[in-house]
Amino acid sequence: MKVPFLDLAAQSAEIADDVLPVWREQLAAAAFVGGPQVAAFEEEYAAFVGARHCVGVGNGTDAVELALRAVGVCAGDEVILPVNTFVATAEAVSRIRAVPVLVDVDPEHLLVDPDAVAAAVTSRTRAVVPVHLYGQTAPVEALRPLAARHDLAIVEDAAQAQGASSPTGRAGALGAVAATSFYPGKNLGAAGDAGAVTTDDPQLAATVRSIASHGSTVRYVHDRVGFNSRLDALQAVVLRAKLRRLDAWNKARRVAAERYARLLADVPGVRVPAVRAGYEDVWHLYVVQVDDRDRVLDDLHAAGIGAALHYPTPLHLTDAYARLGHRAGQFPVAERAAGRILSLPMFPHLTEVQQEAVVAALSRAVR
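Residues numbered from 1 in each chain as written. Predicted model: local features only at pLDDT ≥ 70, side-chain atom pairs only at ≥ 80, totals over all residues. Heavy atoms only, no water.

(A) Structural context of helix H4 (residues 87-95). Considered for burial, the residues of H4 that qualify are Ala88, Thr89, Ala90, Ala92, Val93 and Ser94. Residues of H4 that are buried make contact with helix H3 (60-70), strand E2 (78-82), strand E3 (99-103) and strand E5 (153-157). (Buried < 20%, exposed > 50% of the residue type's maximum accessible area, 1.4 Å probe, protein only. Helix = DSSP H or I, 4+ residues; strand = E, 2+ residues; numbered from the N terminus. Contact = heavy atoms within 4.5 Å.)

(B) Quick look at the sheet that holds strand E13 (residues 286-290). Spatially, 3 strands are ordered E12-E13-E14 in an open sheet, and the strand pairing comes out antiparallel. Taken across any chain shown, the strands that pair with only one partner, and hence form the sheet edges, are strand E12 (270-271) and strand E14 (341-344). Of the strands in this sheet, E13 and E14 are in contact with helix H9 (residues 293-302), which crosses E14 at around 20 degrees. In the packing of helix H11 (residues 352-366) onto the sheet, the strands contacted are E12, E13 and E14, and the crossing angle to E14 comes to about 155 degrees. (Pairing = 2+ DSSP bridges. Axes fitted to C-alpha atoms, helices over the stretch in contact; angles between N-to-C directions.)

(C) Quick look at helix H2 (residues 36-49). Over its 14 residues, H2 runs 20 Å from end to end, which matches the ideal 20 Å to within 8%, given 1.5 Å per residue. Here H2 has its buried residues at Gln37, Val38, Ala40, Phe41, Glu42, Tyr45, Ala46, Phe48 and Val49. Glycine 50 sits one or two residues past H2 and shows a positive phi near 100 degrees. (Expected span 1.5 Å × (residues − 1).)

(D) Structural context of empty space enclosed by the protein. Applying the stated criterion to the full structure yields 2 cavities of 30 Å³ or more. Of the pockets and cavities examined, the largest cavity occupies roughly 60 Å³. Of all elements in the fold, only H2, strand E8 (177-181) and strand E9 (195-199) reach the threshold of two or more residues within the lining of the largest cavity. For the lining of the largest cavity, the residue count by class is 9 nonpolar, 4 polar and no charged. Within this model, the second largest cavity holds a volume of roughly 40 Å³. (1 Å grid on protein atoms, 1.4 Å probe; cavity = no way out; pocket = protein on both sides within 12 Å on 5 of 7 lines; lining within 4 Å. Points joined across faces, edges and corners; volume = space filled by probe spheres on them. Nonpolar A, V, L, I, M, F, W, Y, C, P; charged D, E, K, R; others polar.)

(E) Structural context of the nonpolar core. Ranked by internal contacts, the top residues of the largest apolar core, which has 46 residues, are Leu68, Val73, Val79 and Val155. The biggest single contributor to this core is H3, with 6 residues. Sequence-distant contacts of leucine 68, that is, excluding residues within four places in its chain, are made with Val73, Val79, Ala92, Val93, Ile96, Ala127, Val129 and Val155. Judged by nonpolar contacts, the second largest core, of 27 residues, contains Val288, Leu344, Leu350 and Ala365. (Core = buried A, V, L, I, M, F, W, Y, C linked by side-chain atoms within 4.5 Å.)

(F) Molecular detail of the sheet that holds E9. Reading across the sheet, the 7 strands line up as E1-E9-E8-E5-E4-E2-E3 and stay open at both edges, with mixed pairing between neighbours. Of all strands in the sheet, those with a lone pairing partner are strand E1 (53-57) and E3, marking the two edges. When strand polarity is set aside, the average angle formed by the axes of neighbouring strands in this sheet is 25 degrees. Where E8 meets E9, 4 bridges bridge the pair, whose relative direction is antiparallel. Considered in E9, the bridge of serine 181 is made with glycine 195. With respect to the sheet, H2 is in contact with E1, E8 and E9, its orientation differing from that of E1 by roughly 125 degrees.

This is the structure we're talking about:
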């Protein structure tokens, strides 16, 4: 049996009857930028997250940059982030001409290590970006006392955790401000690129909205240098339809994750992800660890299983960030995990039969 890594067609089929009539209305009205669909989605997503404000933007990378700019990060400031993340987190820092300060992750969940963050703080540190990776929430609660002590802004990268929660709230409402991506493969995905910034602070929300609209709140009045990053109305229609289903889809992912854990419990050589008490993960990715990972991945692909890697190279070992001057061995937890991690198929419409086929192929490969 062939099993895809992700089945976006099933999601599209489920929402088609909701989306297509509204799209036709939008096309007939030539309503493409802003408008009631965008405003409605912003209100609904803010309520879903548990934040007071949401600003829809063009994509997740812009969302991180806008959130950082809104809290006052400027050229030359330092921003602490985990070395185990997608490059976009660091790119957003670099685009402001601030300095990404990389730290290692914990060995159990591969999320940012609060002790490593504490050791990295300097007089130039302006913000810390906990990344909610794989559908888990990062340990924001452990970072709050440190942030308060050093007057640091906590800027969440919540691109992989729409609906995930910690003991103190949902991802996207745990720090001063949060950024998320609605890239199609996310738990809440658009039909193209889109993103959002969420916050409880009305001034931060207003600043994000202004920067994302050429530094303007009134047409042709520009209070600051901004750029163009707006959520399209057609994307808002898709996101509203999917948001109504997101809790159910996340529940289906949790069921699939529990099934993987059961099926893999007796498979030697496969380390399954850990679950933390008091946290509710949404399993954007189901990441196991195996030895001889590249050969195992090749075997899975040969068997028709759509496994993937997230992420094979820690940021400090990429050519893009060689200029930071780090060396191999400096972030041992992330480096060891990068050679062992393997993402198995995970999506809301994944069936038990498909998961059994994945586990059977993985069992053969690790043997």
